[in-house]
Amino acid sequence: MGDTKRIVYWIRRLSEIAVLGWLCMMLLIDLVMAAGMGGLQWLVPMCGVAGIVAVVLRRRFRLEGFALLLGLSFAVSLIMGGINFAGAPGTAETGAILVLTIGVLRNVEPVRRAAILAIVSLVVLMAEGGGRDYRSGGLAFSFLLFAAWSMAAGIGGYLRFQQERRTEAVHSVRRAERLELARELHDLVAHHITGIVVQAQAARTVAELKPDAVMPALDAIANAGTEALTSMRRLVSVLREQEEGARTPGMTLADLRILAERFSQGGPRVAFEIGQGVDERTLPREVLTTLHRVLQEALTNVRKHAPGTGWVEAELRRNGGDLLLRVRNYGSQADPRVSRLGGGFGLVGMAERVEALGGRLYAGPTPQGAWEVVAEFPLP
């Protein structure tokens with residue numbers, strides 16, 4: 001997975017360089033035409049330079065750069081058309097407008113604003129084709145610019161559709177995680193409330209015979225109630241919906257070892273180590289359950305995305321006042337047949353659970369060439 005991330009990173013960087021390279025070549029064409037035609041045609045390369053700058057800075061100043069380029073291009077078209085100067089449209093200027101139109105349709109929110117900006121860019125391009133009527137070719141220029149804009153609008157709309165689909169999938173995963181957390185909350189609260197009821201009944205029974213034994217029972221009741229409230233605050237913060245369903249029991253450290261052993265039987269060998277000072281009796285039940293889910297999802301990702309993994313290291317230890325779970329795999333090579341199927345939503349679900357408990361999740365490559373998932377939980 002680490003190699004795949006690096007490949008995607010360099011593909012993106014090379015695509016950026018390619019786009020800028022094409023725009024610079026188009027700018028050279030504009031300079032050659034301006035040198036041959038003279039006069040107001042020198043305004044066209046200036047618009048091209050502004051367009052290239054807007055493309056370079058589009059991630060930080062997307063709307064500002066787009067608006068400035070559209071205004072400058074429209075003003076040049078009006079000036080040339082107003083004095084009947086036989087100018088020609090700028091290639092770099094047009095290319096920059098099309099690139100920015102794709103980005104606007106993909107990223108600008110809400111979609112209504114993106115659509116309005118795209119229509120404004122079409123108006124500017126039509127003004128460019130009609131106002132710069134070189135050798136009476138305004139109609140032909142307008143047709144070509146409209147065809148180019150239609151292609152850019154189609155690409156931007158498709159990319160936005162794919163992005164909306166992924167966003168909706170992420171929301172679905174998070175909703176599913178919240179529902180499962182709601183079921184776990186039922187078990188946690190039921191456990192603590194049962195302890196409170198038992199302690200209260202015991203206190204009532206011994207109150208008359210041994211009054212001194214009532215105080216320890218009341219302390220136990222208070223502690224159980226505090227633990228129940230703490231668990232509820234941690235989990236309810238991410239719950240938005242309710243759903244009836246089966247409930248899962250709380251997990252233990254032994255369940256984590258069993259999970260690692262079962263994975264080793266059908267996949268790479270897992271070396272699972274629990275550090276000193278980690279005791280399930282002192283860990284909140286919701287933390288244990290989330291640890292099991294994170295370990296399960298991390299091992300599943302190893303089997304799914306890195307079938308060539310040599311071995312897996314998993315450790316659970318204390319790190320100061322935090323509890324740290326680290327899962328690291330070596331010698332992994334992503335299977336392209338599996339990578340094409342997509343993914344990434346398991347990490348979303350894990351992050352949702354970990355952050356619900358006040359922790360944080362990290363997943364990514366290490367300097368040693370491995371891939372690791374790290375979940376960190378604050379301990380009381």
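Residues numbered from 1 in each chain as written. Predicted model: local features only at pLDDT ≥ 70, side-chain atom pairs only at ≥ 80, totals over all residues. Heavy atoms only, no water.

> Is there a simple way to explain the overall build of the protein chain in this structure?
For the protein chain, the count of helices and strands is 11 helices and 5 strands. Residues classed as buried in the protein chain amount to 39% of the 380 residues present. Put simply, 75% of the contacts in the protein chain that link residues at least 6 apart link residues at least 24 apart. Accessible surface computed for the protein chain: about 21200 Å², of which carbon and sulfur atoms make up 61%. (Helix = DSSP H or I, 4+ residues; strand = E, 2+ residues; numbered from the N terminus. Buried < 20%, exposed > 50% of the residue type's maximum accessible area, 1.4 Å probe, protein only. Contact = heavy atoms within 4.5 Å. Areas by Shrake-Rupley, 256 points an atom, 1.4 Å probe, with all protein chains shown as cover.)

> Which parts of the structure should I look at to understand the environment of Gln-296?
Relative to the assigned elements, Gln-296 resides in helix α9 (residues 285-305). Gln-296 sits 54 residues away from Met-350 along the chain, and the two C-alpha atoms are 10.0 Å apart.

> Would you explain the packing of aromatic side chains in this entry?
What describes a pair of aromatic rings is the distance from one ring centre to the other and the angle between the planes of the rings. Applying the stated criterion to the full structure yields 1 aromatic pair. For the ring pair Phe-146 and Trp-149, a centre distance of 6.3 Å and an interplane angle of 25° mean the geometry is stacked. You can see Phe-146 and its partner Trp-149 sitting in helix α6 (residues 138-206), 3 residues apart, about one turn around the helix. By relative accessible area, which is 40% here, Phe-146 ends up partly exposed. (Phe/Tyr/Trp six-rings, centres within 6.5 Å; stacked < 30°, edge-to-face > 60°.)

> Explanation requested: the nonpolar core in the structure shown.
One recurring pattern in soluble globular proteins: nonpolar side chains tend to sit buried together. Counting residues in hydrophobic clusters, the biggest one holds 31 residues, and the most contacted among them are Leu-291, Leu-316, Leu-323 and Leu-325. Of all the secondary structure elements, the ones that give two or more residues to this core are α8 (253-266), β1 (269-274), α9, β2 (311-319), β3 (322-330), α11 (345-356) and β5 (371-378). At 8 residues, α9 tops the list of elements feeding residues into this core. In this structure Leu-316 touches Leu-253, Leu-256, Phe-272, Glu-273, Ile-274, Gly-275, Val-278, Leu-291, Leu-323, Leu-324 and Leu-325, once residues within four positions along its chain are discounted. The next biggest cluster of nonpolar side chains, apart from the first, holds 25 residues, and it includes Leu-69, Ala-96, Ile-97 and Ala-152. (Core = buried A, V, L, I, M, F, W, Y, C linked by side-chain atoms within 4.5 Å.)

> Looking at this structure, how should I read the pairing of β2?
Two faces, one strand: in a regular strand the side chains alternate between the faces of the sheet. Looking at chain direction, β1 and β2 are connected through 6 bridges and run parallel. Looking at the pairing, Val-270 lines up with Val-312 of β2. Sheet topology places β2 next to β3; 9 bridges connect them, and they run antiparallel. Among the inter-strand pairings, Leu-316 is bridged to a residue of β3, identified as Leu-325. What sits between the antiparallel neighbours β2 and β3 is a turn of 2 residues, in which Gly-320 has the positive phi angle 70°. (Pairing = 2+ DSSP bridges.)

> Looking at this structure, I do not really get a nonpolar patch on the surface. What am I missing?
Taken together, Val-49, Val-53, Val-56, Leu-57 and Phe-61 make up a surface patch of nonpolar side chains, about 400 Å² in accessible area. Structurally, Phe-61 can be placed in the loop between α2 (43-56) and α3 (62-82). (Patch = residues over 30% accessible without salt bridge, like charges linked within 9 Å, V, L, I, M, F, W, Y side chains within 5 Å. Salt bridge = Lys/Arg side-chain N within 4 Å of Asp/Glu carboxyl O.)

> How do you make sense of the pattern of salt bridges when you look at a structure like this?
Between side chains of opposite charge, a pair can form when the charged atoms approach closely. Taken as a whole, this structure holds 10 salt bridges when the rule is applied. Across the pair Arg-59 and Glu-16 runs a salt bridge whose closest N-O atoms are separated by 2.7 Å. Within this pair, whereas Arg-59 is found in the loop between α2 and α3, its partner Glu-16 is found in helix α1 (residues 2-37), the two being separated by 43 residues in sequence. Exposure remark for Arg-59: the relative accessible area of 59% places this residue in the exposed category. The buried category is assigned to Glu-16, whose relative accessible area is 19%. Here Glu-128 ties to Arg-132 by a salt bridge, and the two come within 3.7 Å at their closest N and O atoms. Salt bridges linked by common partners bring Glu-315, Arg-317, Arg-326, Arg-328 and Glu-372 together as one network.

> I tried to follow the sheet that holds strand β4 (residues 360-365) on my own but got confused; where do I start?
Backbone-to-backbone hydrogen bonds pair the strands of a sheet. The strands run either parallel or antiparallel. Spatial strand order, β1-β2-β3-β5-β4: 5 strands in an open sheet with mixed pairing. Only two strands of the sheet have a single neighbouring strand rather than two, namely β1 and β4. Shown here is a sheet whose adjacent strand axes are inclined to one another by a mean of 10°, direction ignored. Note that β4 and β5 share 6 bridges and pair antiparallel. (Axes fitted to C-alpha atoms, helices over the stretch in contact; angles between N-to-C directions.)

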